[in-house]
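Breakdown of the fold
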Amino acid sequence: MATLEAHKHISPDSGKPTILHPNFNPKIRNWKPTDPLREEITPPKDRAHFADPDKKRLLSVATATDLTEGIGTLLEGVQLSQLSGDQLDDLALLVAERGVVFLRDQDLTTDKQVQLFEHYGILDKHPAQKSVRHVTIKGSSSDHRQDSVYTPWPQAGWHADTSFEINPPSYSLLRMEEHPPVGGDTAWVSQYGLFDALSPAYQKLFEGLHAVHTSRLQYDTILDLWGVGPNRPPIDTHHVAVRTHPVTGLKAWNVNEGFVTGFAELKKAESDKLLEFANWHIHSADDHLVRWKWAVGSVAMWDNRAVIHRVIPGKYEQGSRRGVRTTVFGEKREYIV
Ligand SMILES: [Fe+2]
């Protein structure tokens, strides 16, 4: 279990501490974020709109192999660092369609990765990120089930990156710089698949709802878990529970375990029960899932509008895990309500 400050302030008689007031941790109660909340922005036009529909500029030089029927493609024979703007546009379309694209043995540096990702839009700054350009993603050997007894945020749960943002991220790229030979895999689930798997009646139900995405639980926990204080105040944002992808036109589920706490239009009991179903639906989606084994130099690029993901918790006995993630902001207003 992680050594958590929160643990020291919980009475053993209090029952489940996750029901305590979120300011149970004095470090957080006294924390002063340095940055203001973000304003809504209109991001530049998605680069996938500029792609060749058959992605010929990319696929004439690279080999694409689908890893499952519905999600995940392995791209071989290219270095991302050498791709032209046209080829990067084709890559965006491939990512939007397949959810996540993987490459191995890439020679990208952090500077080159940042430069490449600026092609896709405005770089996101994670609320606990020091650099304005990228976030460092590490492995954690703590038992997330045990941690969740003492902290309210399901930090190892399925999520779309910072989906609580007013402009939730579209594309993310994670490049692994350090990795143990075993453990630390990441899995992605298709949100197209999650929507398609619902009965027509449930599709209609979710299409009429907004999910409440919040950073509050992460805010209350992150100082303990990551040792880094959040740089912005917490935020709650209502996003449609089913969105139409602006590039592919496909309907995608837009509910995740990590940041969604309920549904705006429902009574609390209804909302709690539907969220229970939603999390079960995600966890039982093996037929819409791809799992990736990392190595140093491996890259995954995904579309947070089309997939959710989680790291499979591990012990990291054979070494540590460290990756560099770059992310760009997506649109809010193109959601179909
Ligand atoms: Fe993530």
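Residues numbered from 1 in each chain as written. Predicted model: local features only at pLDDT ≥ 70, side-chain atom pairs only at ≥ 80, totals over all residues. Heavy atoms only, no water.

The chain is annotated in an unreviewed UniProt entry as TauD/TfdA-like domain-containing protein from Paraconiothyrium brasiliense. What UniProt states about the chain under its Sequence similarities (unreviewed entry) heading is, verbatim, "Belongs to the TfdA dioxygenase family." Quoted verbatim from the Cofactor (unreviewed entry) field of UniProt, the annotation for the chain is "Fe(2+)". (UniProt positions renumbered as here; feature names shortened; annotations may be inferred.)

What follows concerns the sheet that holds strand β14 (residues 307–311). Ordered in space as β12-β6-β14, the three strands form an open sheet in which the pairing is antiparallel. At either end of the open sheet lies a strand with only one pairing partner, and these are β12 (289–292) and β14. Within the sheet, the average angular offset between the axes of one strand and its neighbour, ignoring direction, is 20°. With four bridges connecting them, strand β6 (residues 186–190) and β12 associate as antiparallel partners. Within β12, the residue paired with Val189 across the bridge is Leu289. (Pairing = 2+ DSSP bridges. Helix = DSSP H or I, 4+ residues; strand = E, 2+ residues; numbered from the N terminus. Axes fitted to C-alpha atoms, helices over the stretch in contact; angles between N-to-C directions.)

Quick look at the coordination of the iron ion now. Looking at the iron ion, the protein donor atoms are His159 (NE2), Asp161 (OD) and His309 (NE2), and they sit 2.2 Å from it. Going along the chain, you hit the donors of the iron ion in the pattern H-x1-D-x147-H. Residue His159 is classed as buried on the basis of its relative accessible area, which comes to 16%. Overall, Asp161 belongs to the buried group, its relative accessible area being 3%. (Donors = N, O, S within 2.8 Å, 3.2 Å for Na, K, Ca; no water. Buried < 20%, exposed > 50% of the residue type's maximum accessible area, 1.4 Å probe, protein only.)

All right, on to the nonpolar core then. Leu75, Leu80, Leu91, Phe117, Tyr120 and Tyr171 are the most contacted members of the largest nonpolar core, which totals 29 residues. Contributing elements (two or more residues each) for this core: α4 (85–98), β3 (100–103), α5 (110–118), β5 (169–178) and β13 (299–303). For this core, the element with the highest residue contribution is α4, accounting for seven residues. By size, the runner-up hydrophobic cluster in this structure holds 23 residues, among which are Ala160, Ala187, Val255 and Phe263. (Core = buried A, V, L, I, M, F, W, Y, C linked by side-chain atoms within 4.5 Å.)

What the largest pocket holds in volume is close to 1000 Å³. Along its surface, the largest pocket is lined by 42 residues, and Thr136, Ile137, Lys138, Gly139 and Trp226 are the ones closest to its centre. Taken together, the elements giving at least two residues each to the lining of the largest pocket come down to β4 (135–138), α6 (144–150), β6, α9 (216–226) and β14. Among the elements that take part in the lining of the largest pocket, β4 stands out by supplying four residues, more than any other. Class assignment of the residues belonging to the lining of the largest pocket gives a composition of 18 nonpolar, 17 polar and seven charged. (1 Å grid on protein atoms, 1.4 Å probe; cavity = no way out; pocket = protein on both sides within 12 Å on 5 of 7 lines; lining within 4 Å. Points joined across faces, edges and corners; volume = space filled by probe spheres on them. Nonpolar A, V, L, I, M, F, W, Y, C, P; charged D, E, K, R; others polar.)

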